[in-house]
Amino acid sequence: MSNCRHVRRQQSDDFRCKRCKMMVGPVVYGGHNRNHCPFCLWSRHVDGRVPGDRASTCGSMMMPIGVFVRPKGEHTIVHRCLGCEFERHNRIAADDFFDRVLALPPVAARGLVPAASTRREPAA
Ligand SMILES: [Zn+2]
Ligand SMILES: [Zn+2]
């Protein structure tokens with residue numbers, strides 16, 4: 001008799017990435033919510049102000065636009081929503097494709113560039 005303690009929780013953590021079509025399961029270890037695809041790093045605008053609250057009605061894709069490293073050494077991805085330009089910082093998960101994280105353009109941890117001027121033009 002094997003009792004099945006191994007049952008997957010039927011929460012909405014599993015999703016199919018709309019960007020790369022990979023099936024994304026819950027984070028294998030580490031306790032936080034999966035909030036972006038580990039393969040292409042794209043996210044979706046489903047949360048409101050609080051990560052995990054699923055309060056947003058936007059639902060647009062969120063593009064990884066940059067990465068910064070917190071003082072503790074945690075890599076954090078900056079996502080921008082393609083629908084409403086909302087920006088969010090998301091810690092990477094343990095199983096993210098780290099090469100892709102590193103391939104993102106580095107950004108400053110604070111004072112993110114406003115959507116209107118995505119890059120600074122050098123003085124001519
Ligand atoms: Zn993906
Ligand atoms: Zn949005």
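Anything mentioned here points back to the structure above.
Residues numbered from 1 in each chain as written. Chains lettered and ligands numbered in written order. Predicted model: local features only at pLDDT ≥ 70, side-chain atom pairs only at ≥ 80, totals over all residues.

Asks: Would you mind going over the overall build of the chain with me for this structure?
Replies: Across its full length, the chain holds 1 helix and 6 strands. Ordered by position from the N terminus, the helices and strands of the chain form the series β-β-β-β-β-β-α. Classification of the 124 residues of the chain by burial places 18% in the buried group. Of all intrachain contacts in the chain linking residues separated by at least 6 positions in sequence, the fraction that spans at least 24 positions is 38%. (Helix = DSSP H or I, 4+ residues; strand = E, 2+ residues; numbered from the N terminus. Buried ≥ 20, exposed ≤ 12 C-beta atoms within 10 Å, placed from the backbone. Contact = placed C-beta atoms within 7 Å.)

Asks: It is not clear to me how the sheet that holds strand E4 (residues 61-69) should be interpreted in this structure. Could you clarify?
Replies: Sheet strands pair via backbone hydrogen bonds, and the direction of the pair is either parallel or antiparallel. Strand order across the open sheet formed by 4 strands is E3-E4-E5-E6, with antiparallel pairing between neighbours. For this open sheet the edge positions go to strand E3 (43-44) and strand E6 (87-91), each flanked by a neighbour on one side alone. Here E3 runs beside E4; their pairing, made up of 2 bridges, is antiparallel. What sits directly across from Arg 44, in E4, is Met 61. (Pairing = 2+ DSSP bridges.)

Asks: Would you explain the pairing of E4 in this entry?
Replies: Put simply, side chains in a regular strand alternate between the two faces of the sheet. Sheet analysis places E4 next to strand E5 (residues 75-81), joined by 7 bridges and oriented antiparallel. When the sheet's bridge partners are listed, Gly 66 is paired in E5 with Val 78. Once E4 ends, the chain turns through 5 residues before running back antiparallel as E5, passing Gly 73 with a positive phi of about 95°.

Asks: Is there a simple way to think about the nonpolar core in this case?
Replies: Nonpolar side chains in soluble globular proteins generally cluster together in the buried interior. Within the largest apolar cluster, 7 residues are counted, these being Cys 37, Leu 41, Val 67, Ile 77, Val 78, Ile 92 and Ala 93. The contact partners of Leu 41, leaving out residues within four places of it in the chain, are His 36, Pro 64, Ile 77, Asp 96, Arg 100 and Val 101. (Core = buried A, V, L, I, M, F, W, Y, C linked by C-beta atoms within 7 Å.)

Asks: Please explain the environment of Arg 19 as it appears in this structure.
Replies: Mapping Arg 19 onto the fold places it in the loop between strand E1 (15-16) and strand E2 (23-24). Counting along the chain gives 20 residues from Arg 19 to Phe 39, while the straight-line C-alpha distance between them is 9.6 Å. What Arg 19 contacts, discounting residues up to four positions off in sequence, is Cys 37, Cys 40, Trp 42 and Met 61.

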